[in-house]
Amino acid sequence: MPTDVVTMDKIVALCKRRGFVFPSSEIYGGLGSTYDFGHYGVLLKRNVKDEWWRAMLQDREDIVALDSAILQHPRTWEASGHLAGFTDPLVDCRTCGTRFRADHLADLQCPRKPSKPPGEGPECDLTDAREFNLMFETTVGPVRDAGSVAYLRPETAQGIFVNFKNVLQFARKKPPFGIAQVGKSFRNEITPGNFIFRTREFEQMEMEFFVPPGEAQDWYAFWKEARFDWYVELGIRTDHLRLRAHDSDELSHYSSGTADVEYLFPIGWSELEGVANRGDFDLTQHTEYSGERLEYFDQATKERYTPHVIEPAAGADRATLAFLVDAYDEDDLGGEQRTVLKLHPRIAPVKVAVLPLVRKDGQPELAREVLASLRGVGQAEYDEGGSIGKRYRRQDEIGTPYCVTVDHQSLEDRTVTVRDRDTLAQERVAVDALPGELAGRLAAPWRSPKSAPV
Ligand code: ATP
């Protein structure tokens, strides 16, 4: 098992220092396990989501997009089983008042005696476990009564199932086809934590793929592989990624197969994404609860059937964390340590930084001209403050793959140097050729320099 896993503290510190992610409502002391994304965090997570959309929509023609509301009819959650069964076992400590997941006690710490798990400290007094529903409840409308109760969605998937008929009608698709959605979900997790790995408000990237029942097993195999490969293609090292099939006792009652794409996070191997063969459970349940027949009628064969569903369900925040962890590196530059994010250029928040060597002699003006010529290439940034070494370090820390430096020679021959974040190689390129040169480099296949040699 690889041992080169960075600590979460280093990731948290870098994210705070460079404004990727910071605690939410910090001026009021923060709100447990909620985070705000700053500029680079927004760019990074948006790239992750864009890559997901690209894989779902642009690279295929059998998936359509959806953006359903966060608030849905409460019957949705009765039909899906969330109201009755979306629970975790919870215990309270009568001494310190802390709540714990009863099934995670061995991995947790007693707040009063951190060397022991809850329940084993000298003063611990745990209640019996009781089931705690993870859905956030709210009320809709001005009157607060039983009829106005609604829930913040705990997953985006149900918004897809309840729209099956709408999409079928308007998208002119027939199984096998998919509906994809990205959006916020909410779970009142008992023990959130580990930075943005588990929070109460997070973004999911889910796709429900509807197939003729006889094709379900093949599509399940297809999506497991496709989703694993997506992370690899975006640079995650293969020895830090694995696909783990659920044991039969881990499976949800409706699932005939589930596999998790797992990443070696600082907390150990943990779920990054789940791929499940959900059978016809969801469409059948919503048919029963709504009275609408959620089926497909095949005109050619005159056959009517309820499609089966293969679901790849990923978390945008958790994936962003995995990309950060996988990219984080500290190396030695001639005695000076640098922290660098070796992110895949497609994921990197900023693709290129343009830096005049000095703030005079016409260099800032030419640098601004170069910056303008790169607007179509990707997110570009201009920085003229501080020594060139400091500016390189700053770009390394946010994972910018290329720094373009305008120097004295640039004014004479209209060439600039392009510095590669990973190899540190510097090459002179003509200003006019720069947009094409960088576009080519950014589109080239990329392998993490942290990978083991092949
Ligand atoms: P876990 O076992 O970690 O609680 P899960 O199996 O309940 O996850 P799913 O319901 O399959 O998760 O959700 C799909 C994906 O959504 C997960 O793989 C994860 O990436 C993301 N996700 C789920 N819960 C959270 C959370 N509380 N915070 C951040 N991401 C989450």
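Residues numbered from 1 in each chain as written. Predicted model: local features only at pLDDT ≥ 70, side-chain atom pairs only at ≥ 80, totals over all residues.

Visitor: I'd like to hear about the domain arrangement of the chain, residue by residue, with values.
Guide: In terms of domains, the chain is made up of domain 1 (8–75 + 140–324), domain 2 (87–133) and domain 3 (350–443). For domain 2 and domain 3, the distance between their C-alpha centroids amounts to 54 Å. (Domains from an automatic or database assignment.)

Visitor: Can you tell me about the site of the ligand, naming the residues and giving the values?
Guide: With respect to spatial proximity, 16 residues lie near the ligand, and among them Phe 202, Gly 274, Ala 313, Gly 315 and Arg 318 are the closest. The leading source of residues in the shell around the ligand is strand S13 (residues 268–279), at 4 residues. The residue makeup of the shell around the ligand, split by class, is 4 nonpolar, 4 polar and 8 charged. (Near = placed C-beta within 6 Å. Helix = DSSP H or I, 4+ residues; strand = E, 2+ residues; numbered from the N terminus. Nonpolar A, V, L, I, M, F, W, Y, C, P; charged D, E, K, R; others polar.)

Visitor: I'd like a description of helix H11 (residues 388–398), backed by residues and values.
Guide: Turning to H11, its buried residues are Tyr 392, Gln 395, Asp 396 and Ile 398. Buried positions along H11 lie against helix H2 (39–58), strand S18 (336–341), strand S19 (352–356), strand S21 (402–406) and strand S22 (415–420). (Buried ≥ 20, exposed ≤ 12 C-beta atoms within 10 Å, placed from the backbone. Contact = placed C-beta atoms within 7 Å.)

Visitor: If you had to explain the pairing of S19 to someone new, which residues and values would you point to?
Guide: Burial analysis of S19 places 5 of its 5 residues in the buried class, which makes it a mostly covered element. Here S19 shows two buried faces, one formed by Val 352, Val 354 and Pro 356 and the other by Ala 353 and Leu 355. At this point the chain moves from S19, through helix H10 (residues 363–373), to the parallel strand S20 (residues 380–382), and the crossover so formed is right-handed. Of the strand pairs in this sheet, S19 and S21 are connected by 5 bridges, and their pairing is parallel. Looking at S21, one finds that Ala 353 is bridged to Cys 403. (Right-handed = clockwise from strand over helix to strand, strands pointing away. Pairing = 2+ DSSP bridges.)

Visitor: Tell me what's going on with the pairing of strand S17 (residues 328–333), and back it up with residues and numbers.
Guide: A regular strand carries its side chains on alternate faces of the sheet. In terms of strand pairing, S17 meets S18 through 6 bridges, oriented antiparallel. Within S18, the residue paired with Asp 331 across the bridge is Arg 338. Connecting S17 to the antiparallel partner S18 that follows it, the hairpin turn spans 2 residues, and Gly 334 within it adopts a positive phi of roughly 50°.

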